[in-house]
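# Descriptive analysis of the structure
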Amino acid sequence: MSSDKILAQDLTQWQLPGMELHHFMDEMRERAPIVPILFMGTPSWLITRYDALEHGFKDTVGLPPHRAYQFGIAPLIGENFQSMEGERHRLYRKLATPTFRPRVVEKIDSTMLEDAANELIDTFIDQPQVDMVKVFTERYPYLVIARLLGIPRDEEEQFSRWVIGLLNFNSEPDRAYRCRDELWAYLDPVIGDRHANPRDDVISQLIHDEVDGVSMDEALLKSHIGIMFSAGSSTTHDSIGNLLYALLSTGDNWDRMRHSTAQRDQAIEEVLRWEPAVSFLPRMTRDDESTHFEGVDLAPNSFVFMGIAAANHDPAVYTDPHAFNINRGECKMMTFGHGPRTCPGMHLARKELRVTLDILLERLPQLKLIDAGASAPRGTIFRSPEKILCTL
């Protein structure tokens, strides 16, 4: 499909599997640092170059980060630190993210992460062929978050169903509201119990932590549990799928990783650059006046997509950017954002990816991809394989 035909489609319809997205972004990058697109039927914009995206992430006046969340998940789960601005954002970000701080992540028991992975692998290891998305990648991150929250194990599957319902808010709003109501009703007695009997889990931390004498009320507790489950779990699910695809579809990298534990962190960093789970992150211009950005006047209330996947493949920054190169070495990337709104979950995500990779290589050393083309990551805002058919 030609670039002009793609641009004539709504962003929500773009699939662009594998390198199709990156070759398309090459053409857009040549045109301009920011190009017009359609999103949900309205004129919108997409940033295509690394330096322009760095500028965009830093411009919290012309592209205020909270506005897109106010139009996105906040109508469903309520106000949360992502939909706040200024001092309130700073305060509630500190309250909402204790588990994601680097020192806390270091102390998270890797055994818990390993146990969750091993339990899932035990359910399919005797099968000759499996879809790794169905049996592992779409289940594992939800189990991890549920256990961090202290959810009983016999209720983890129900939690996963609720969260998947929340994630489908735009396409299935009635189901999303129903799942939210059921989740909120479930949380009422849990929150009451943790008030009276604190435990060593995230819900207890959210209830009892204070910053500058402020703590969360019940509505904010629920919304932050919702954002942790929906945002944290979905992006990790996508990243694990992208990691599997990268290692299984590019030469002998799976075997390489089996014999080289020292290179596993490098492989994770490279896949985070090569196929980020969030390809295009939505922002919105201010509502009171136009925003001048990279030579273009952007109308008030316009969606502007931060082209993370485009920036991560910008040849002005990376040599041979479309190659998955484990030996690339340390390099900057835009996968977790840039500036004051950098993703707070990046340290936990990296730890989950490393523990997951170690367990999968140990338990499934002969894992082979059946159809690389059918397993290529696809989608735009969220990007990952729909299926990864493998022999064990």
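In what follows, the structure referred to is the one given above.
If you're wondering where the values come from, they're calculated on a predicted model, not measured in any experiment. (Residues numbered from 1 in each chain as written. Predicted model: local features only at pLDDT ≥ 70, side-chain atom pairs only at ≥ 80, totals over all residues. Heavy atoms only, no water.)

## Brief notes about the pairing of strand β2 (residues 42-47)
Note that strand β1 (residues 34-39) and β2 share six bridges and pair antiparallel. Considered in β2, the bridge of V35 is made with L46. In this structure, the hairpin formed by β1 and β2 is closed by a connection of two residues, where M40 is found at a positive phi of approximately 55 degrees. Pairing of β2 with strand β7 (residues 303-307) involves two bridges; the strand directions are parallel. Bridge pairing in β7 links W45 to V304. (Pairing = 2+ DSSP bridges. Helix = DSSP H or I, 4+ residues; strand = E, 2+ residues; numbered from the N terminus.)

## Considerations on the sheet that holds strand β4 (residues 280-284)
Each strand in a sheet pairs with its neighbour through backbone hydrogen bonds, running either in the same direction (parallel) or in the opposite one (antiparallel). An order of β1-β2-β7-β4 is seen for the four strands of this open sheet, with the pairing classed as mixed. Two strands lie at the open edges of the sheet, namely β1 and β4, each paired on one side alone. Averaged over neighbouring strand pairs, the angle between their axes works out to 35 degrees when direction is ignored. Helix α3 (residues 50-58) contacts β2, β4 and β7 of the sheet and is inclined by roughly 125 degrees relative to β7. (Axes fitted to C-alpha atoms, helices over the stretch in contact; angles between N-to-C directions. Contact = heavy atoms within 4.5 Å.)

## Details of the packing of helix α11 (residues 156-167) against helix α14 (residues 218-249)
In a pair of packed helices, the angle between the axes and the distance between the axes together describe the arrangement. Relative to each other, α11 and α14 sit at 90 degrees, their axes nearing to 9 Å. Judged by the inter-axis angle, α11 sits roughly perpendicular to α14. Contacts from F159, V163 and L167 of α11 reach α14 at F229, S230 and S234. Of the residues that constitute the contact of α11 with α14, the class distribution is four nonpolar, two polar and no charged. (Parallel < 35°, antiparallel > 145°, perpendicular 65-115°, else oblique. Nonpolar A, V, L, I, M, F, W, Y, C, P; charged D, E, K, R; others polar.)

## Remarks on the packing of aromatic side chains
Scanning all chains against the criterion turns up 13 aromatic pairs. Pairing F159 with Y186 gives two aromatic rings, centres 5.2 Å apart and planes at 80 degrees, and the pair type is edge-to-face. Within this pair, whereas F159 is found in helix α11, its partner Y186 is found in helix α12 (residues 173-196), the two being separated by 27 residues in sequence. Across the pair, Y186 and F159 agree in class, each one buried. Between F169 and Y177 the ring centres are 5.5 Å apart and the planes differ by 90 degrees, which places this aromatic pair in the edge-to-face class. Judged by its relative accessible area of 13%, F169 falls in the buried class. On the basis of relative accessibility, which here comes to 30%, the residue Y177 falls in the partly exposed class. Through a chain of ring-to-ring contacts, three or more aromatic side chains come together here, namely W14, F24 and F280. It is R273 that lies over the ring of Y318; its NZ or CZ is 5.2 Å from the centre. (Phe/Tyr/Trp six-rings, centres within 6.5 Å; stacked < 30°, edge-to-face > 60°. Buried < 20%, exposed > 50% of the residue type's maximum accessible area, 1.4 Å probe, protein only. Lys NZ or Arg CZ within 6 Å of the ring centre and 35° of its normal.)

## Comments concerning the environment of A176
Its location among the elements puts A176 in helix α12. Taking the relative accessible area as the measure of exposure, A176 reaches 0% and is therefore buried. Separated by 100 residues in sequence, A176 and L76 have C-alpha atoms that sit 7.7 Å apart. Here A176 is in contact with L76, G165, L166 and F169, once residues within four sequence places are set aside.

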